[in-house]
Amino acid sequence: NIKATTGSTKKATFADVAGADEEKAEMAELVDFLKNPKKFEDIGARIPRGVLLLGPPGTGKTLLARAVAGEAGVPFFPISGSDFVEMFVGVGASRVRDLFEQAKKHAPSIVFIDEIDAVGRHRGSGLGGGHDEREQTLNQLLVEMDGFEENESVIVIAATNRRDILDPALLRPGRFDRQITVNYPDVKGREEILRVHKGKKPIGPDVDFHEIAKDTQGFTGADLENLLNEAAILAARANRKAIISEDIEEATMKVLAGPEKKSHIPTEADKKITAFHEAGHAVVAFHLKTQDRVQQVSVISRGLAAGMTWTRPNTEDNHMSRTKLLETIVMMMGGRAGEATALDDICTGASNDIERATKLAKNMVTKWGLSDALGPIAYGSENDEVFIGKDFGHVRDYSEEVAARIDAEVRKIVEAAYAKALQILSENRAQLDALAAFLLEFEKVNEDEFTAIMKGELTVDLRKAEEEQKRAAEKAAEEERARLQAEREAAEREAEAAREAAEAAEREEARKFREARRAEERAQRDALEAEMRDSAQKKRRSLLDGDDDMPKKRRSLLDEDDDASMKRRSMLDEDDDTPKKRRSMLDEDDDTPKKRRSMLDEDDDTPKKRRSMMDDDADTAPKNQDAAPEEDPDIIEARKFREARRAAERAQREAMEQGKPDNSQSKRSEAPKKPEESAPAAKPAEKPAVSDDTAPKRTSRQSLMEDDEDLFKPIELPVKTEQPAQSEPAPSQKKKYDDEDDFDDDFSDFFN
């Protein structure tokens, strides 16, 4: 189930690797071979089948392997050495076979085994014997790398920091032909690594990567990446937009010894012991020529340490002289010497210093041959750990007498260093007290302040006075800033007031302009509306004058008809005797209704009979000399016609006012027939005769009204009917009368 990672993860290149120029050059040959193998084959060269990367943890061994895969552009099969080791026998060997089978299918390819010491440990060591699972896995790996089958298209890259425990068969040529040591970077390499890991982090102008590289001697690439990350976190915590030098310095101390425990408040006794202890280290280091300069002294707790004295090397030397080693032990014993000198007592705070000093002195005697008494001889075995390869424990290869001499020499070196530290502090007690007092007051001293204290240029009182002056200057500067700020605010307020006044004036001017414009527009609109109203009135008058069907025209026509009716009534009222004469004529002549009824019964053409009856009455009336002349029937019929017409007009007006359809208009649109053309009226049924004695006395007028009700029905004015396409009658179809004479003439023609 092992799969290549090409394309699935972010590719690394040689540009991501810094501080390892020689190592990159060695690995670049693998890339060149994978891209252009014919170049090497033509000259008879064979590319190394395996490359073993050696070096301390964090120096970039895995990154180099990834860079080779990214540059070559071939499948990359990464696996850890612990992935092969299982509790079941044969599983690890099966995984090795599967790994190389997949790599051969995708050849050319790269197999990377990280921490190969987990599976490539020396065979036959420890308690497992020679047949355990780890050894079976190693045997299969040896066969796959260089066995009976040729395997020239798969390159194996492995990484470890324990070359001493690897099996010799794994390290021989043909398997791991090339061994590349990736060591700690130097100053130039650390500076390049810092610039690579800077990435997109914003860096302040006061940050100097070269100075940081000099302060971080012994840091690996992983340590430097962690340093920049911690500095970025500190800058973000302080709400800064960029990383400044202070963040870098604090991050360096945090990586070395842990974060400051500012919340921890020590007692005065503990703080005093710590102050003289750290002051002893710093003063002794200041008076030793081979020691690095003091970078910082602090009594703030960090990690397991109650305080810390940090020195900065001037140069980066690969070799340590005997004098420098002895003075280093003196500097280590300076803490205990400071306690003994100032407090007349000692405590457990120097335990770590004593342990490191003793180890360094023992190495001088047993490993490096720096003892005059024992000479340049190495004592003891390097394989002194249990179950790492060959031995179960440490084996001494020297006698008891030599061991006693070694112990005596180590003790001599340490005691001499302690005595020298006491001497230095006794001679420079003032410096010790001044530095301790400064640490008790301010808890931390930087390089410049330490140098000034050692030269007597800075004391606690001077520092307090400087701080007082600084606070006074800051207060004055703050007051000056406040005054300038107040002046700026006052000027801004004045400018704002002036601006607001100008804006108010502009708004007032704009308001007046808008009001004047509105007034002008209002006047123009009023004039235009007046003109439109006059024009509309003129058009309305012209329309009313030209169209008699409009309501006002109708009402004017009705009014004219009423005037004509009043005139006729006045003419009729002048002769008051006419109705009486007519009634008397009707009363005296009882035969008239009978004749009229007989005429109606005999002849269906009732209107003609009625007119003939009226003609008979007119002929009969002059015969009666006592009766007054009868009223003209035409006038009576005209009056009835006008009344019926007015009623129809009133109904039409009411319907128009109520928004209802005018039924009378539709009825009037139908042309009434003339009496001569009307259908014969239905013959009225004859009433039974009633004796004169029992029946009430009726006049001839009442008999006529009861017997012939059709005589008094309204007669509508005949009009010319032309049916329009729409349901409502067109106003232009109605009869127009310009004056009363036209109406009378039309009325006379109707009856004639």
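Bear in mind that the values here come from a model prediction, so they are computed numbers and not experimental data. (Residues numbered from 1 in each chain as written. Predicted model: local features only at pLDDT ≥ 70, side-chain atom pairs only at ≥ 80, totals over all residues. Heavy atoms only, no water.)

Undergrad: Whenever I open this one, the overall build of the protein confuses me. Can you help?
TA: Per the secondary structure count, the protein includes 26 helices and eight strands. Within the span of the protein, comprising 752 residues, buried residues form 37% of the whole. Counted over contacts in the protein with a minimum sequence separation of 6, partners at least 24 positions apart contribute 73%. For the protein, the accessible surface area stands at approximately 44,500 Å², while carbon and sulfur atoms represent 50% of it. (Helix = DSSP H or I, 4+ residues; strand = E, 2+ residues; numbered from the N terminus. Buried < 20%, exposed > 50% of the residue type's maximum accessible area, 1.4 Å probe, protein only. Contact = heavy atoms within 4.5 Å. Areas by Shrake-Rupley, 256 points an atom, 1.4 Å probe, with all protein chains shown as cover.)

Undergrad: Explanation requested: the side chain of threonine 274 in the structure shown.
TA: Relative to the elements of secondary structure, threonine 274 occurs in helix H11 (residues 268–286). Ignoring sequence-local partners within four residues, the contact set of threonine 274 consists of Val299, Ala306 and Gly307.

Undergrad: Would you explain the environment of alanine 306 in this entry?
TA: With respect to the helices and strands, alanine 306 occurs in the loop between strand S6 (293–298) and strand S7 (308–312). The class of alanine 306 is partly exposed, set by a relative accessible area of 43%. Separated by 28 residues in sequence, alanine 306 and glutamate 278 have C-alpha atoms that sit 9.5 Å apart. Apart from residues no more than four positions distant in its own chain, alanine 306 is found in contact with Thr274, Val299, Ile300 and Ser301.

Undergrad: Please explain the sheet that holds strand S3 (residues 109–114) as it appears in this structure.
TA: Hydrogen bonds along the backbone pair up the strands of a sheet, which may run parallel or antiparallel. Spatially, five strands are ordered S2-S3-S4-S1-S5 in an open sheet, and the strand pairing comes out parallel. Edge positions in the open sheet fall to strand S2 (76–80) and strand S5 (178–181), since each of these has one partner strand only. Between one strand axis and the next, the sheet turns by 20° as a mean value, whatever way the strands run. Of the strands in this sheet, strand S1 (50–54), S3, strand S4 (154–160) and S5 are in contact with helix H1 (residues 21–35), which crosses S5 at around 140°. Contacts from helix H3 (residues 61–72) reach S1, S2, S3 and S4, with the element oriented near 170° to S3. (Pairing = 2+ DSSP bridges. Axes fitted to C-alpha atoms, helices over the stretch in contact; angles between N-to-C directions.)

Undergrad: Just to check I follow, could you spell out the packing of aromatic side chains for this structure?
TA: Geometrically, a pair of aromatic rings is defined through the distance of the ring centres and the angle of the planes. Tallied over the full model, the rule gives five aromatic pairs. Between phenylalanine 76 and phenylalanine 112, the aromatic rings sit 6.1 Å apart at their centres with planes inclined by 20°, giving stacked as the arrangement. Residue phenylalanine 76 is found in strand S2, and its partner phenylalanine 112 is found in strand S3; the two are separated by 36 residues along the sequence. Summarising the aromatic geometry, the rings of tyrosine 379 and tyrosine 398 are spaced 5.7 Å apart at their centres and angled 90° between planes, so their arrangement reads as edge-to-face. One end of the pair, tyrosine 379, is in the loop between helix H14 (351–366) and helix H15 (400–427); the other, tyrosine 398, is in the loop between H14 and H15, and 19 residues separate them in sequence. (Phe/Tyr/Trp six-rings, centres within 6.5 Å; stacked < 30°, edge-to-face > 60°.)

Undergrad: Is there a simple way to think about the environment of glutamate 327 in this case?
TA: Along the chain, glutamate 327 turns up in helix H12 (residues 322–332). Judged by its relative accessible area of 11%, glutamate 327 falls in the buried class. Remark: the alpha-carbon pair of glutamate 327 and leucine 288, spanning 39 residues in sequence, is separated by 6.8 Å. The contact partners of glutamate 327, leaving out residues within four places of it in the chain, are Leu288, Lys289, Thr290, Gln291 and Lys420.

Undergrad: Help me understand the sheet that holds S7, please; the structure alone is not making it clear to me.
TA: The three strands lie next to each other as S7-S6-S8, forming an open sheet whose pairing is antiparallel. In this open sheet, the two strands that pair with only one neighbour each are S7 and strand S8 (444–446). The mean angle between the axes of side-by-side strands here comes to 20°, regardless of whether they run parallel or antiparallel. Looking at chain direction, S6 and S7 are connected through five bridges and run antiparallel. The partner of serine 298 across the bridge, within S7, is methionine 308. Lying on the sheet, helix H17 (residues 447–454) is in contact with S6 and S8; it crosses S8 at an angle near 90°.

Undergrad: Is there a simple way to think about the side chain of serine 298 in this case?
TA: Here serine 298 shows up in strand S6. Residue serine 298 is classed as buried on the basis of its relative accessible area, which comes to 2%. Of note is the side chain of serine 298, whose polar atom sits 3.0 Å from the backbone nitrogen of isoleucine 300. Filtering out sequence-adjacent residues up to four positions away, serine 298 remains in contact with Glu278, Gly307, Met308, Glu443 and Lys444. (Polar contact = N/O pair within 3.5 Å; in protein donor to acceptor, adjacent residues only side chain to side chain.)

Undergrad: Would you mind showing me how to read helix H13 (residues 334–343) here?
TA: One turn of the α-helix equals 3.6 residues, which is why residues spaced by three or four share an orientation. With eight of 10 residues buried, H13 lies mostly within the body of the structure. Of the surrounding secondary structure, the elements contacted by the buried residues of H13 are H11, H12, H14, H15 and helix H16 (429–442). Just beyond H13, the residue with positive phi is aspartate 344, at close to 55°.

Undergrad: Any chance you could explain the nonpolar core here in plain terms?
TA: When a protein is soluble and globular, its nonpolar side chains tend to lie buried together. Ile329, Ile406 and Leu435 are the most contacted members of the largest nonpolar core, which totals 50 residues. Looking at this core, the elements that each hand over two or more residues are H11, S6, H12, H13, H14, H15, H16 and H17. Of all the elements, H15 adds the most residues to this core, at 10 residues. Beyond its immediate sequence surroundings of up to four residues, isoleucine 406 is in contact with Val365, Thr366, Leu374, Tyr379 and Tyr398. Judged by nonpolar contacts, the second largest core, of 27 residues, contains Leu34, Val68, Val74 and Phe76. (Core = buried A, V, L, I, M, F, W, Y, C linked by side-chain atoms within 4.5 Å.)

Undergrad: Explain the pattern of salt bridges here, please?
TA: Side-chain pairs of opposite charge can arise whenever the charged atoms involved come near each other. Per the stated rule, a full pass over the model turns up 38 salt bridges. As a salt-bridge pair, glutamate 192 and lysine 188 come within 2.6 Å of each other at their nearest N and O atoms. Note that glutamate 192 and lysine 188 are positioned in helix H7 (residues 187–198) at a spacing of four residues, about one turn of the helix. For the salt bridge of arginine 312 with glutamate 211, the shortest nitrogen-to-oxygen distance reads 2.2 Å. Linking arginine 312 in strand S7 with glutamate 211 in helix H8 (residues 209–215), this pair joins segments that are 101 residues apart in sequence. Accessibility expressed as a relative area gives 29% for glutamate 211, which makes it partly exposed. Linked through salt bridges whose partners overlap, the residues forming this network are Glu449, Arg463, Glu467, Glu468 and Arg471. (Salt bridge = Lys/Arg side-chain N within 4 Å of Asp/Glu carboxyl O.)

Undergrad: How should the pairing of S6 be read in this particular structure?
TA: Residues in a regular strand point their side chains to alternate faces of the sheet. Of all six residues in S6, five are buried; the element is thus mostly enclosed. Bridging between S6 and S8 involves three bridges; their strand directions are antiparallel. In the strand pairing of S8, serine 298 is matched with lysine 444.

Undergrad: Explain the packing of H14 against H15 here, please?
TA: Relative to each other, H14 and H15 sit at 130°, their axes nearing to 9 Å. Considered as vectors, H14 and H15 are oriented oblique to each other. Judged by the sense of rotation from one axis to the other, the crossing of H14 with H15 is right-handed. On H15, the residues touching Ala357, Thr358, Ala361, Lys362, Val365 and Thr366 of H14 are Ile406, Glu409, Val410, Ile413 and Val414. For the contact of H14 with H15, the class distribution of residues is seven nonpolar, two polar and two charged. (Parallel < 35°, antiparallel > 145°, perpendicular 65-115°, else oblique. Left-handed = near helix turned anticlockwise from the far one by under 90°. Nonpolar A, V, L, I, M, F, W, Y, C, P; charged D, E, K, R; others polar.)

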